[in-house]
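# Analysis of the macromolecular model
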2 protein chains.
Amino acid sequence: MNEPAKKKLLQMIPHALYILTAEANGHHAASTISWMTQASFKPPLIVLGVRADSFTFDILKQSSNFVLNYLGADQKDIAQKFFKHVEPVDNTLAGEPFVHSPLHKLPVFPHMAGYLECTVVDIVEHGDHAVVVAEVLEAELSQANGLLLLSTTGWSYGG
Amino acid sequence: MNEPAKKKLLQMIPHALYILTAEANGHHAASTISWMTQASFKPPLIVLGVRADSFTFDILKQSSNFVLNYLGADQKDIAQKFFKHVEPVDNTLAGEPFVHSPLHKLPVFPHMAGYLECTVVDIVEHGDHAVVVAEVLEAELSQANGLLLLSTTGWSYGG
């Protein structure tokens, strides 16, 4: 394998950044996610790569439901807050105020670009990240002035 | 469901464009693909959404191996040639000359940005597109002057 070419080509895949929120047994997950694609029109499916050894993936497996909050182009500082585990304080996570999603009452950040409320339909556990296939059940758009793209952050996640 | 918000948010996911090539029983697949993400570092996995009723997906299921050719930023005209089924003529597909990949002798276009040679490790058939989980086995980078992003083509695929 040409490792440098593999690394570069995987890093060239465009990705945006999102905050995934979920809850199970009184614990919350709220994590920055970048590996995501659409995967079907009917039903509307998305696919995420979620670190298999993470607290977030544990919660996700138990809850089967999650919200994917889209970060706006100028919200890199918020993305950075969700690299580590946080639990809610009053109605905030890492200082960011949230409301509750319509279906499963999961944290939604109204000051981000919008969100998808999803339910897990399948999980493939084969690598260091699990492939989570999920159906979109509800959605809300807050602002549409562009997403936070991984390529603009100076961070690297991929390769 | 807020359908307009769902549509818009799915269309906001950044995607590039690739030509997937595969071969089985003397037939070739060569199709433009946009739904793709990385999904693991070790092993290096990617996930694709491939139309479940397509000739390409039939071939992919039979061959289990494929090449993902990355389109360069200025190769929209090439992307357009692979919306419909084509079979090779001499060593060209839709007029584009190809060579053979190192492992499975599948079509590689050396004038594109690079390619990943992959093997299918799992398939989830749940929607109008199949979720194809694949391991990257080989890679080659030809040029690194940017990828053809769906958002720059004026085309829409998602929502």
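Throughout what follows, the structure given in this document is the object of discussion. (Residues numbered from 1 in each chain as written. Chains lettered and ligands numbered in written order. Predicted model: local features only at pLDDT ≥ 70, side-chain atom pairs only at ≥ 80, totals over all residues. Heavy atoms only, no water.)

Between chain A and chain B, the residue contacts involve 51 residues of the former and 51 residues of the latter. Taken together, the two surfaces of chain A and chain B that pack against each other cover about 4600 Å², and 71% of this comes from carbon and sulfur. Considering only the side of chain A, the residues that lose the most area to chain B are A:Leu9, A:Gln38 and A:Phe41, jointly responsible for 15% of the buried surface there. Between chain A and chain B we count zero salt bridges in total. On inspection of chain A and its partner chain B, the count reaches 18 residue pairs in polar contact (both at pLDDT 80 or more). (Contact = heavy atoms within 4.5 Å. Buried area = accessible area lost by both parts, 1.4 Å probe. Salt bridge = Lys/Arg side-chain N within 4 Å of Asp/Glu carboxyl O. Polar contact = N/O pair within 3.5 Å; in protein donor to acceptor, adjacent residues only side chain to side chain.)

The two copies are related by a screw operation: chain A maps onto chain B through 180 degrees of rotation and 0.0 Å of translation along the axis, at an RMSD of 0.0 Å. Taken together, these values place the two copies in the relation of a two-fold axis. Comparing interface residues between copies, 100% of those in chain A also sit at the interface in chain B, which points to an isologous, same-surface contact. (Least-squares fit on C-alpha atoms with pLDDT ≥ 70 in both.)

Here we come to the sheet that holds strand S4 (residues 45-51) of chain B. All names here are of chain B. Overall, antiparallel pairing links the seven strands, which are arranged S2-S1-S5-S10-S11-S4-S3 in an open sheet. With one partner strand each, in any of the chains shown, strand S2 (27-33) and strand S3 (36-40) form the two edges of the open sheet. Taken over all neighbouring pairs, the strand axes of this sheet differ in orientation by 35 degrees on average, direction set aside. Alignment of S4 against strand S11 (residues 129-141), held across seven bridges, turns out to be antiparallel. Bridge assignment links Leu48 to a residue of S11, and that residue is Val132. Together, strand S1 (18-24), S2, S4, strand S5 (65-70), strand S10 (114-124) and S11 form the strand contacts of helix H2 (residues 55-63), whose direction differs from that of S1 by roughly 55 degrees. (Pairing = 2+ DSSP bridges. Helix = DSSP H or I, 4+ residues; strand = E, 2+ residues; numbered from the N terminus. Axes fitted to C-alpha atoms, helices over the stretch in contact; angles between N-to-C directions.)

Moving on to the sheet that holds strand S10 (residues 114-124) of chain A. Here seven strands make up an open sheet; going across it, the order is S2-S1-S5-S10-S11-S4-S3 (chain A) and the pairing antiparallel. In the strand order of this sheet, the two ends are held by strand S2 (27-33) and strand S3 (36-40) of chain A, each with one partner. Across the sheet, the axes of successive neighbouring strands diverge by a mean angle of 35 degrees, strand direction being ignored. Taken together, the six bridges between strand S5 (residues 65-70) of chain A and S10(A) define a ladder with antiparallel strand orientation. Along S10(A), the bridge assignment pairs A:Val67 with A:Glu117. Strand contacts of helix H2 (residues 55-63) of chain A: strand S1 (18-24), S2, strand S4 (45-51), S5, S10 and strand S11 (129-141) of chain A, with the helix running at about 55 degrees to S1(A), the strand carrying the most contacts. Taken strand by strand, helix H1 (residues 3-11) of chain B contacts S3, S4, S5, S10 and S11 of chain A, and its axis lies near 135 degrees from that of S11(A).

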